[in-house]
Amino acid sequence: MALTPEQEWTLVGCGLVAHADEILDIGEWDEVLRYVGSTLSEADQQVWMEILSNQDQLEQRFGALGPLPNGEGEELLRRCWQMALADGVGTDVEATVHDRIARKIGADLDQVARWRETWTRQAHARAELTVSLAAMFVNLDGHLDFHEAIHFDNLLERLPIPVGRRVELSELLHTPPTLEDLVERLIALDPGERVRALHSLVPLLRASRRGGRERELFFELSHRVLGSQREVERLLDHDGSAS
């Protein structure tokens, strides 16, 4: 199936932002492809992986992009800025590339700068809540084993959290919050942010050795903060994570 204009803009825009700091990580490409993973065949995903790893090819694609459908600009720019936040903090260089994308779609740069501030705050708040959720899940039986600690650390490394703050949050492994506290904090987020926080937990749940216990708690938690059983099932069963 061919990509929609929004999907191609997403792939190219996120790819350009990922190249901005000249530190390329295969995990960043996975982050980009998850937006359209269910649309692309394995062969097409490989083609796009090659394009994403080559800045010259990305520039060619960027120059050839057609108009973005009306009303899609803000969401496109949000997704592109998520790439900048992959290592915790968006840099000035990444903001410059982000502005370049914004100019191409005709967005107001002052408004875009305000959006970036909002998205950064939201991403950090969501990431810290995700770490708290993970700490609770790996301590379900009151015992933390080495395998669980490794997966917790891997999750912490993947989230948009400044390096210094990651050290502080790692202590949650030994003092996890309660379920009721986490429900309150999740409900305080807007619905989209709730979904993204819960989606971030899926890899940790899939790696669990506890069988169905964590899955059952995840269903309970998700149902309480999302309400939709269908959405809860999609969170666990869909191959990928939130956009």
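Our structure's up above, just so we're on the same page.
So, a few notes on the structure that sits alongside this text.

Thresholds, definitions, all that
Residues numbered from 1 in each chain as written. Predicted model: local features only at pLDDT ≥ 70, side-chain atom pairs only at ≥ 80, totals over all residues. Heavy atoms only, no water. Helix = DSSP H or I, 4+ residues; strand = E, 2+ residues; numbered from the N terminus. Buried < 20%, exposed > 50% of the residue type's maximum accessible area, 1.4 Å probe, protein only. Contact = heavy atoms within 4.5 Å. Areas by Shrake-Rupley, 256 points an atom, 1.4 Å probe, with all protein chains shown as cover. Disulfide = S-S within 2.5 Å. Core = buried A, V, L, I, M, F, W, Y, C linked by side-chain atoms within 4.5 Å. Phe/Tyr/Trp six-rings, centres within 6.5 Å; stacked < 30°, edge-to-face > 60°. Lys NZ or Arg CZ within 6 Å of the ring centre and 35° of its normal. Polar contact = N/O pair within 3.5 Å; in protein donor to acceptor, adjacent residues only side chain to side chain. Salt bridge = Lys/Arg side-chain N within 4 Å of Asp/Glu carboxyl O.

Turning next to the overall build of the protein. What the protein contains, in helices and strands, is 14 helices and 0 strands. Secondary structure elements in the protein, listed N-terminal to C-terminal, are α-α-α-α-α-α-α-α-α-α-α-α-α-α. When the 243 residues of the protein are sorted by exposure, 47% land in the buried category. At a minimum sequence separation of 6, the contacts of the protein that also span at least 24 residues come to 73%. Carbon and sulfur atoms make up 50% of the accessible area of the protein, which amounts to about 12,100 Å² in all.

Overall, the coordinates contain 0 disulfides when judged by the stated rule. With no disulfide of its own, C80 lies closest to C14 among cysteine sulfurs, the gap being 4.2 Å.

Here the focus is the nonpolar core. Formed by 33 residues in total, the largest nonpolar core has its most connected members in V131, F137, L186, L201 and L221. When residues of this core are assigned to their parent elements, the largest contribution, 9 residues, is made by helix 7 (residues 109–138). If we skip the residues at most four places from it in the chain, L201 touches T130, L133, A134, F137, L155 and F218. L16, I51, L58 and A95 belong to the second-largest nonpolar core, a separate cluster that totals 32 residues.

Below, the discussion takes up the packing of aromatic side chains. Per the counting criterion, the structure on display carries 3 aromatic pairs. Measuring from centroid to centroid gives 6.4 Å for F137 and F218, while their planes differ by 50°, and the two rings are tilted. Of this pair, F137 sits in helix 7 while F218 sits in helix 13 (residues 213–226); the two residues are 81 residues apart in sequence, bridging distant segments of the chain. Each member of the pair, F137 as well as F218, is classed as buried. Geometry around F62 places K104 over its ring, the cationic atom sitting 5.0 Å from the centre. A cation over an aromatic ring shows up here: R116 above the ring of W81, its NZ or CZ 5.5 Å from the ring centre.

On the secondary structure map, R78 appears in helix 5 (residues 73–84). Residue classification places R78 among the buried positions, given a relative accessible area of 6%. In this structure the side chain of R78 is engaged in a polar contact, spanning 2.7 Å, whose partner is the side chain of E75.

Moving on, we get to the pattern of salt bridges. Side chains that differ in charge, positive against negative, can pair when their charged atoms come close. Scanning all chains against the criterion turns up 13 salt bridges. Across the pair E59 and R100 runs a salt bridge whose closest N-O atoms are separated by 2.7 Å. Placement of E59 in helix 4 (residues 55–64) and of R100 in helix 6 (residues 92–104) is noted, with a sequence separation of 41 residues between them. For R100, a relative accessible area of 33% translates into the label partly exposed. Its salt-bridge partner being R116, residue D99 comes within 2.9 Å of it at the nearest N-O pair. Highlighted residues: D99 in helix 6 and R116 in helix 7, separated in sequence by 17 residues. A single burial state applies to D99 and to R116, both of which are buried. Taken together, the shared-partner salt bridges connect E75, R78 and R79 into one network.

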